[in-house]
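Residue strings, one per chain:
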Amino acid sequence: MLIDSHCHLDFPQFDGDRAEVLGRAYQAGIHGAIIPSVGPENWARVIDTCRQHPRLWFALGFHPCFASSDSVGQLNRLQSLLDANPRNLVAVGECGLDGVASALPMDQQQRLCLEQMALANRFRLPVIFHIRKAHHHLFSLLDREPLKAGGVVHGFSGSLEVAREYLRRGLYLGVGGVITYQRASKTRAAIQGVPLERLLLETDSPDMPPCGYQGLRNEPARCLLVLQELCHLLDLSSVAVVKKLSENHVRLFTRIS
Ligand SMILES: [Zn+2]
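Residues numbered from 1 in each chain as written. Predicted model: local features only at pLDDT ≥ 70, side-chain atom pairs only at ≥ 80, totals over all residues. Heavy atoms only, no water.

## Topic: the UniProt feature "binding site: a divalent metal cation 2" (unreviewed entry) in the protein
Look at the UniProt record and you will see "binding site: a divalent metal cation 2" (unreviewed entry) annotated at His130 and His154. A stretch of 25 residues holds the annotated residues, and the largest C-alpha distance among them is 5.9 Å, short enough that they meet in one place. Residues from the named set that contribute to the lining of the largest pocket are His130 and His154. With respect to the secondary-structure elements, His130 resides in strand S5 (residues 127–132). A relative accessible area of 12% places His130 in the buried class. Setting aside residues no more than four positions away along its own chain, His130 makes contact with His63, Pro64, Cys65, Glu94, Cys95, Gly96, Leu97, Asp98 and His154. A polar contact is formed between the side chain of His130 and the side chain of His63, at a distance of 3.3 Å. Within the secondary structure, His154 is located in the loop between strand S6 (151–153) and helix H6 (160–168). (UniProt positions renumbered as here; feature names shortened; annotations may be inferred. 1 Å grid on protein atoms, 1.4 Å probe; cavity = no way out; pocket = protein on both sides within 12 Å on 5 of 7 lines; lining within 4 Å. Helix = DSSP H or I, 4+ residues; strand = E, 2+ residues; numbered from the N terminus. Buried < 20%, exposed > 50% of the residue type's maximum accessible area, 1.4 Å probe, protein only. Contact = heavy atoms within 4.5 Å. Polar contact = N/O pair within 3.5 Å; in protein donor to acceptor, adjacent residues only side chain to side chain.)

In structure tokens form, the structure reads like this:
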């Protein structure tokens, strides 16, 4: 039961052929997908997309690159949605810290992220993190607010040392198209050093196309290319890797079925 643990199928890039894209994923043996949201502007769209298609789950949160100084004031909206516990809600996210592309200063990003972690703990939900050039800041947030239901660092890119800091704090690492690029040698080596029990598969569609598909819209069926590369890196059969990954998805996102 392979799942694309991170794809933005609600984005307008899929408006013309969403059903076909999903059909190709199911055809490729992908059981379903998790759609993280980016902020109040797409919460309704994400919920709606998951209602219209089978085996899609979602997360609600504020992505640091879509957040503004108003976001903190809207946390109560997030709280009431989590409280309403809509069907197919599996996590809080994506939230996190972006040291490159966010318009919010880092201290405000940290506050927004920490508040979402506290909400996740209150509702016993895991957290989907977006993190770029700010690992050490997230380590200290995780130490201040340890996660009760765990979480995942999506699209992990970094060294084995960084990976171990997340593992130590109970997180999973999301493995995506990055590992299909030979030049990503640091991340490839990190993934080889992480126990398979702590990895999840993802595409981050429509972004992060795997090697060979640069410049094209990414889609969940390409999980298979990431899987292929992961099997190669770990020197394990795809049967063995799929079995473990399937267990991981269900262990973290306990509401998936
Ligand atoms: Zn994302």
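## A short note on the coordination of the zinc ion
Taken together, His6 (NE2), His8 (NE2) and Glu94 (OE) make up the full set of protein donors to the zinc ion, lying 2.1 to 2.2 Å away. Counting gaps between the donor residues of the zinc ion yields the pattern H-x1-H-x85-E. Of this pair, His6 sits in the loop between strand S1 (2–4) and helix H1 (18–27) while Glu94 sits in strand S4 (residues 89–98), placing them 88 residues apart in sequence. Assessed through its relative accessible area of 1%, Glu94 is described here as buried. (Donors = N, O, S within 2.8 Å, 3.2 Å for Na, K, Ca; no water.)

## Examining the nonpolar core
Core analysis: the biggest nonpolar cluster contains 69 residues, and Phe129, Leu138, Phe156, Tyr166, Leu199, Leu230 and Leu245 have the highest contact counts within it. Element by element, the count of residues in this core is highest for helix H8 (residues 223–234), at 7 residues. In this structure, Ile3, Ile34, Leu252 and Phe253 belong to the second largest nonpolar core, which totals 13 residues. (Core = buried A, V, L, I, M, F, W, Y, C linked by side-chain atoms within 4.5 Å.)

## Topic: the sheet that holds S6
A sheet is described by the order of its strands in space; here 8 strands give the open sequence S1-S2-S3-S4-S5-S6-S7-S8, paired in parallel fashion. With partners counted over all chains shown, the strands left at the sheet margins are S1 and strand S8 (199–201), one partner each. On average, each strand axis in the sheet is tilted by 30 degrees relative to the strand beside it, whichever way the strands run. Two elements, strand S2 (residues 30–36) and strand S3 (residues 56–60), share 4 bridges in a ladder whose sense is parallel. Of the residues in S3, the one forming a bridge with Ala33 is Leu56. Relative to S3, helix H2 (residues 40–52) is tilted by about 165 degrees, and along the sheet it contacts S2 and S3. Packing against the sheet, helix H9 (residues 238–252) makes contact with S1, S6, strand S7 (171–175) and S8, and its axis sits at approximately 95 degrees to S8. (Pairing = 2+ DSSP bridges. Axes fitted to C-alpha atoms, helices over the stretch in contact; angles between N-to-C directions.)

## Regarding the UniProt feature "binding site: a divalent metal cation 1" (unreviewed entry) in the protein
On the UniProt side, "binding site: a divalent metal cation 1" (unreviewed entry) is annotated at positions that read His6, His8, Glu94 and Asp204 here. The largest pairwise C-alpha distance within this set of annotated residues, which runs over 199 residues, is 11.4 Å, so the set is compact in three dimensions. Narrowing the list just given to those that line the largest pocket leaves His6, His8, Glu94 and Asp204. Position of His8 relative to the elements: it lies in the loop between S1 and H1. Under the relative-accessibility criterion, His8 is labelled buried at 3%. In contact with His8, not counting residues within four places along its chain, are Phe14, Ile35, Pro36, Val38, Glu94, Asp204, Ser205 and Pro206. Within polar-contact distance, the side chain of His8 engages the side chain of Glu94 at 3.0 Å. Of note, Asp204 is situated in the loop between S8 and H8.

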